[in-house]
Amino acid sequence: MKSTQLLFQTPVLLLCVALGRVWASRHELTELNMPGVKPQHEDSYMCTSLPLDQDREHYILEFEPHVTKGTAHHMIVFGCAEPGSYEKAWDCGEMSGAGHSGYTKGSVCAQGSQTQILWAWAKDEPNLSLKLPDGVGFKVGGQSESQYLVVQIHYMMPVTQPD
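In this report, we go over the structure that sits alongside the text. Computed from a predicted model, the values in this text were never measured in an experiment.

**Section: the packing of aromatic side chains**
Each aromatic ring pair is summarised here by two numbers: the centre-to-centre distance and the angle between the ring planes.
For step 1, the next point in the chain: One pass over the full model with this rule turns up three aromatic pairs.
For step 2, the next point in the chain: With a centroid separation of 5.3 Å and an interplanar angle of 5°, the aromatic rings of Phe63 and Trp119 are classed as stacked. One end of the pair, Phe63, is in strand 5 (residues 57–66); the other, Trp119, is in strand 8 (residues 115–122), and 56 residues separate them in sequence.
For step 3, the next point in the chain: According to the relative accessible area criterion, Trp119 is buried, its value standing at 5%.
For step 4, the next point in the chain: Ring centres of Tyr86 and Tyr148 lie 6.0 Å apart, and the angle between their planes is 75°; on these two criteria the pair is classed as edge-to-face.

**Some details on the pattern of salt bridges**
For step 1, the next point in the chain: Evaluated as defined, the whole model comprises two salt bridges.
For step 2, the next point in the chain: In this structure, Glu57 and Lys139 form a salt bridge, with 3.9 Å as the shortest nitrogen-oxygen distance. A residue pair is termed long-range when its members are at least 10 positions apart, and Glu57 in strand 5 and Lys139 in strand 10 (residues 138–141) qualify at 82 residues.
For step 3, the next point in the chain: Across the pair Asp91 and Lys105 runs a salt bridge, and its minimum N-O distance is 3.6 Å. Highlighted residues: Asp91 in strand 7 (residues 90–91) and Lys105 in the loop between strand 7 and strand 8, separated in sequence by 14 residues.
For step 4, the next point in the chain: Taking the relative accessible area as the measure of exposure, Asp91 reaches 2% and is therefore buried.
For step 5, the next point in the chain: By relative accessible area, which is 47% here, Lys105 ends up partly exposed.

The rules we used
- Residues numbered from 1 in each chain as written.
- Predicted model: local features only at pLDDT ≥ 70, side-chain atom pairs only at ≥ 80, totals over all residues.
- Heavy atoms only, no water.
- Phe/Tyr/Trp six-rings, centres within 6.5 Å; stacked < 30°, edge-to-face > 60°.
- Helix = DSSP H or I, 4+ residues; strand = E, 2+ residues; numbered from the N terminus.
- Buried < 20%, exposed > 50% of the residue type's maximum accessible area, 1.4 Å probe, protein only.
- Salt bridge = Lys/Arg side-chain N within 4 Å of Asp/Glu carboxyl O.

Shown next, in the form of structure tokens:
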């Protein structure tokens, strides 16, 4: 299973998140997992989303991916007002033209939705994790324009076991 750690809890991605203020002493670890996808074509782009707390702002302080370089070419975390689909996972390969993936096709974020790239990882990147400097964080949830985190993974090759 692919995972990234945002220190705002997420295991395709682990996120370290502060509640309320960037410098808050209380942090959560959020795991964001790709829910058992099994892309059958080369150059498949799959997305999954995580709804955020609309009543409280959070700040992402750290990203830590848990990926297999032989499977994933790159991973991008987006902040979206609305996701491109409400399915657990969807084919978000707008440029891949892969066709019959067996998954609902949609964009990363809903058309007309505010979109923000928060973090990206590529397979040859030597340092997988990113910890932001003290006092710095990506504001998400609450009154921010990012009400969902969407993770897009580019699978270079077909996957034989669910990810």
